[in-house]
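One-letter residues, chain by chain:
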Amino acid sequence: MKRISTFLLSLVCLAILSSHDMYLKLDQYFLNPFTKTTIQLFNGTFDRSENVIDRDRMEDVSIIYGGERIQPSASKWFEKDSITFLELETKEAATYVIGVSTKARSIEMDAQAFNDYLKHDGITDMLDKRKKDGTLDTPAKELYAKHVKTIVQVGDSLSRDWSTSLNYPIEFIPFKNPYEVHVGHELEIQLLYGQKPLANQLVYVGTQVNELSHTHDGSTHSHASNETQEQAYLTSYRTNENGVITLDIKQEGTWYLRTIHLEELSEGEFTHQSNWATLTFAIGKGHEHENAATTHKHDIKIPTYVYLLISVIIILLLFFAFKKKG
Amino acid sequence: MNKTIRLLILFLILFWATPLMAHDVTSKDHALLANGDLWAYLWVGAKHMLTGYDHLLFLLGVIFYLRKTSDVIKFITVFTIGHSITLLSATYLGIQINEYLIDAIIGFSVFYKGFENLGYFEKHLKFRSPNLLLMVWVFGLIHGLGLSSRLQSFENGSDRIIHKIITFNIGVEFGQIAALIPIVYIISLIRKNKHYPAFYKAVNTYLLIAGIALICFQLILYLKA
């Protein structure tokens, strides 16, 4: 079974520390057709962007919908504070995929800085290897690139675009449209590296819930109305032999995945190469399961014309009956 | 076609035309609110009042009983205060009660108004109906919970949430006014007709039937869920 083959490495929470993850984010992932919106490119943490990204650093910017892949012009980008924004004008209803891939850059770190970075960014496999190999005191010169994408729903029409690969060096691809998935469902997501499934890779998953009140240990309390609550932890998963993790969708809101694939290089001027991938999407309210998927709630509506017809007939019959009766 | 029938048809068309045009738009509302500004909340609030036939049936029952304009204003104001209290507070505090149960109670409020308007408390239960104004306020609270559960079913985000709730509430009031104007006008016209008593009984008996149907429908959905 997929669920067994994909195992949860740990439920231990990982504190979000300062890192340089990159995310494509939206305030709302449900958009109207033929409307303008902005997509935010964060470089820092999911909550806070620490710097903007220059256009010349972008290797690819793509929008996929309706089976087409388009590259928006550089003029569609602008910056505000430390966030880079992409103007998007939606077209027909569909599930859209937006991706950004950056060119590789390099960074040199002394041994301690490199170890700290491995620890803070959750690249524990490499940290363990350095411990095991006795190379904790070895500095590093790393080549790194980031490849991020988001999946958004425009209008009501679900399309197959969510499954289209952007052919980035590393990329998350869900097995199902996230906008068909709701609380109580599972969502399998595959991680591809070089277009092949990447097995045994650590993936961190976070959620962000925008709500007016929430519950801790059975007691509910509310927050200030404009406060965004992020669960201050990420859950770690490890991909199975098919490069797949299985998410147990337990809540609505924004979901984000991040992973950093770091490998040692044996030749050239660089000691390591990393490729970073993130994916964001939202889980909506289309229907919901309660109590661990034991119940299922859907909207069931009487067609209005049926209701109208029956109502008119009843009222007319009653009217004539009462009129006759006097 | 005589005048009575023409008035009756006009009433039915005006009362039901809006729901006919704007029903089943939840997913579009979802997208509209997701992208729109506060005007979107105003629009969706008004539309949900106009298309929520259980709310309109209850209002119809309230209006039918009243003859003076001042009474109409008084009762509608009390109903508005009632549903605003629960709409604002339940949404802000994130209180969600099972929507099927709430809708079943709203269905009961429709039945109740028909029962009261037909004088069945005195006739069948042998006691005077509870204070009319108080009951409209109580049912207003219930209707507000229903509206709140609808508002909470949207992705409202966290930005300016109080503004959104209040704007939605204002939209509900606009929708209510838009629905009441033709209802009050048509009822006032029909009231002058010699067949008004038959029409009064027909519509209020229909409220009994519709109320029971709504209760059963929502309880079936609740049990199925």
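Calculation criteria
Think of each chain on its own: its residues are numbered from 1, step by step along the sequence as written. Chain A is the first chain written and ligand 1 is the first ligand written, with later ones labelled in order. With the structure being a predicted model, the display of local features is reserved for residues of pLDDT at least 70 and the display and counting of side-chain atom pairs for 80 or more, all residues being used for whole-chain, interface and lining totals. To obtain the side-chain values, all non-hydrogen atoms of the structure were used and water was disregarded. The way it works is that DSSP assigns letters per residue, a run of H or I at least four long becomes a helix, a run of E at least two long becomes a strand, and they are numbered from the N terminus. Under the scheme applied here, a residue whose accessible area is under 20% of the maximum for its type counts as buried, over 50% as exposed, and between as partly exposed, the area being computed with a 1.4 Å probe on protein chains only. For this analysis, residues touch if any pair of their heavy atoms sits within 4.5 Å. Throughout, the Shrake-Rupley method with a 1.4 Å probe supplies accessible areas, and for residues the shown protein chains are the sole cover considered. How sure the predictor is of each residue is captured by pLDDT, a score from 0 to 100. Two strands qualify as a pair provided that DSSP identifies no fewer than 2 bridges between them. Two rings from Phe, Tyr or Trp (for Trp, the six-membered ring) form a pair when their centres are within 6.5 Å of each other. A pair whose planes differ by under 30 degrees is stacked, one over 60 is edge-to-face, and the rest are tilted. Throughout this description, the term charge over a ring refers to an Arg CZ or Lys NZ atom that lies within 6 Å of the ring centre and within 35 degrees of the ring normal. As used in this structure description, the phrase polar contact means that two N or O atoms lie within 3.5 Å; if the pair is within protein, one of them must be able to donate a hydrogen and the other to accept it, and residues adjacent in sequence are counted only when both atoms belong to side chains.

J.: Let's hear about the overall build of chain B: which residues, and what values?
T.: When helices and strands are tallied, chain B shows 10 helices and 0 strands. The buried share of chain B, taken over its 225 residues, is 59%. For chain B, the share of sequence-separated contacts (at least 6 apart) that also reach a separation of at least 24 residues comes to 84%. About 9,900 Å² of surface is accessible on chain B, with carbon and sulfur atoms providing 69% of the total.

J.: Quick rundown of the confidence of the model for chain A? Include the residues and the values.
T.: Residue and element names in this part refer to chain A. Averaged over all residues, the pLDDT of chain A equals 81, while 80% of them reach at least 70. The secondary-structure element of chain A with the lowest mean pLDDT is strand β16 (residues 213-216), recorded at 35, while strand β22 (residues 272-283) shows the highest, at 95. Every residue in residues 1-18 is under pLDDT 50, and counting partners more than four places away or in other chains gives 40 contacts. Note on residues 211-232: pLDDT under 50 across the span, and 43 contacts to partners over four residues away in sequence or across chains.

J.: For the pairing of strand β11 (residues 140-154) of chain A, give the residues involved together with the corresponding values.
T.: All names here are of chain A. In terms of residue burial, β11 counts as a mostly covered element, since 13 of its 15 residues are buried. Note: strand β9 (residues 94-102) against β11, 8 bridges, orientation antiparallel. Residue pairing in the sheet places Val97 in a bridge with Ile151 of β11. Looking at chain direction, strand β10 (residues 105-109) and β11 are connected through 5 bridges and run antiparallel. Residue pairing for β11: Ile107 is matched across the bridge by Glu142. Summarising the sheet, β11 and β22 pair through 9 bridges and their orientation is parallel. Among the inter-strand pairings, His147 is bridged to a residue of β22, identified as Ala277.

J.: Lay out the packing of aromatic side chains with the relevant residues and their values.
T.: Tallied over the full model, the rule gives 24 aromatic pairs over all chains. Plain terms: the ring middles of Phe121 of chain B and Phe127 of chain B are 5.7 Å apart, the flat faces sit at 55° to each other, and that makes the pair tilted. Accessibility expressed as a relative area gives 42% for Phe127 of chain B, which makes it partly exposed. An aromatic cluster of at least three residues, connected via ring pairs, comprises Phe58, Phe79, Phe108, Phe111, Tyr112, Phe115, Tyr120, Phe121, Phe127 and Phe139 of chain B. Just above the ring of Phe42 of chain A sits the side chain of Lys25 of chain A; from NZ or CZ to the centre is 4.0 Å. One Lys or Arg, Lys146 of chain A, reaches over the ring of Trp276 of chain A and ends 4.9 Å from the middle of that ring.

J.: Lay out the environment of Asn131 of chain B in plain terms, naming residues and giving numbers.
T.: All names here are of chain B. Relative to the elements of secondary structure, Asn131 occurs in the loop between α7 (120-125) and α8 (132-152). The class for Asn131 is partly exposed, based on a relative accessible area of 48%. Within polar-contact distance, the side chain of Asn131 engages the backbone nitrogen of Leu133 at 3.0 Å. From its side chain, Asn131 meets the backbone nitrogen of Leu134 in a polar contact 2.8 Å long.

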